[in-house]
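Now for the letters of each chain:
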Amino acid sequence: MTSAKGLNIAVKKVVIIFIALIFVGLVMPGCSEKPRLTNENKMQIWRNATFGMFIHWGAYSRLGGNWKGQAVHGYAEHIFRSLRIPLETYKEEVIRKFNPTEFDADEWVHIAKEAGMK
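Residues numbered from 1 in each chain as written. Predicted model: local features only at pLDDT ≥ 70, side-chain atom pairs only at ≥ 80, totals over all residues. Heavy atoms only, no water.

Chemist: Just checking my understanding: could you explain the overall build of the chain for this structure?
Modeler: Each helix and strand counted, the chain has five helices and two strands in total. Reading the chain from its N terminus to its C terminus gives the helix and strand order α-α-β-β-α-α-α. The buried share among the 118 residues of the chain stands at 12%. For the chain, restricting intrachain contacts to residue pairs at least 6 apart in sequence, the fraction spanning at least 24 positions comes to 50%. By element, 61% of the accessible surface of the chain is carried by carbon and sulfur atoms, the whole surface being about 10,500 Å². (Helix = DSSP H or I, 4+ residues; strand = E, 2+ residues; numbered from the N terminus. Buried < 20%, exposed > 50% of the residue type's maximum accessible area, 1.4 Å probe, protein only. Contact = heavy atoms within 4.5 Å. Areas by Shrake-Rupley, 256 points an atom, 1.4 Å probe, with all protein chains shown as cover.)

Chemist: I'm lost on unusual backbone geometry in this one. Help?
Modeler: One can expect most non-glycine residues to show negative phi and most peptide bonds to be in trans. In this structure, K68 is a non-glycine residue whose phi angle is positive, near 50°. At R84, a residue that is not glycine, the phi angle is positive and equals roughly 55°. Relative to the helices and strands, R84 resides in the loop between α3 (79–82) and α4 (87–95).

Chemist: Can you help me understand the nonpolar core in this one?
Modeler: Looking at soluble globular proteins, one finds that nonpolar side chains tend to be buried together. Counting residues in each nonpolar core, the largest one holds 10 residues, listed as A59, Y60, L63, W67, V72, I79, L83, I85, Y90 and V94. With sequence-adjacent residues up to four places away left out, I79 is seen in contact with Y60, L63, G65, N66, W67, V72, R84, I85 and Y90. (Core = buried A, V, L, I, M, F, W, Y, C linked by side-chain atoms within 4.5 Å.)

The following block contains the structure:
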C-alpha cells in the first residue's frame, strides 16, 4: 500500500512537471522566432558598420570616369547617360572591349578581410 506521504510527493512532482511543461510551451515558441527587422533597424545596422567596401564595377570601369577627355560629373557608372554617348558607340568602344578576366575576386575579398572589413 502507498503511504499518504509518498502519494503527496508523487502529486507534487506531477504538478511541478505540469507547470514546467506549460512554462516551456509558453516560452519556447518565442525563442525560436527571429525578430523581424524594420527598414530603420536595417539602416541603423548599416550606419554602425563603419568599415566596409562596396564594389560596383562594369564595362564603364575601363573609362575611369572619362570619355574622350571629358570627365563625367557624379558617378562613373552613369557616364553613358550623363555624357550622352551614342548607344552604338558605347557598345562598340566600351562594352565589346570589356573582358573581365584580369582580376581576382577572391583576392579582392582577401584584401578587404585583411583590412578588417566584414
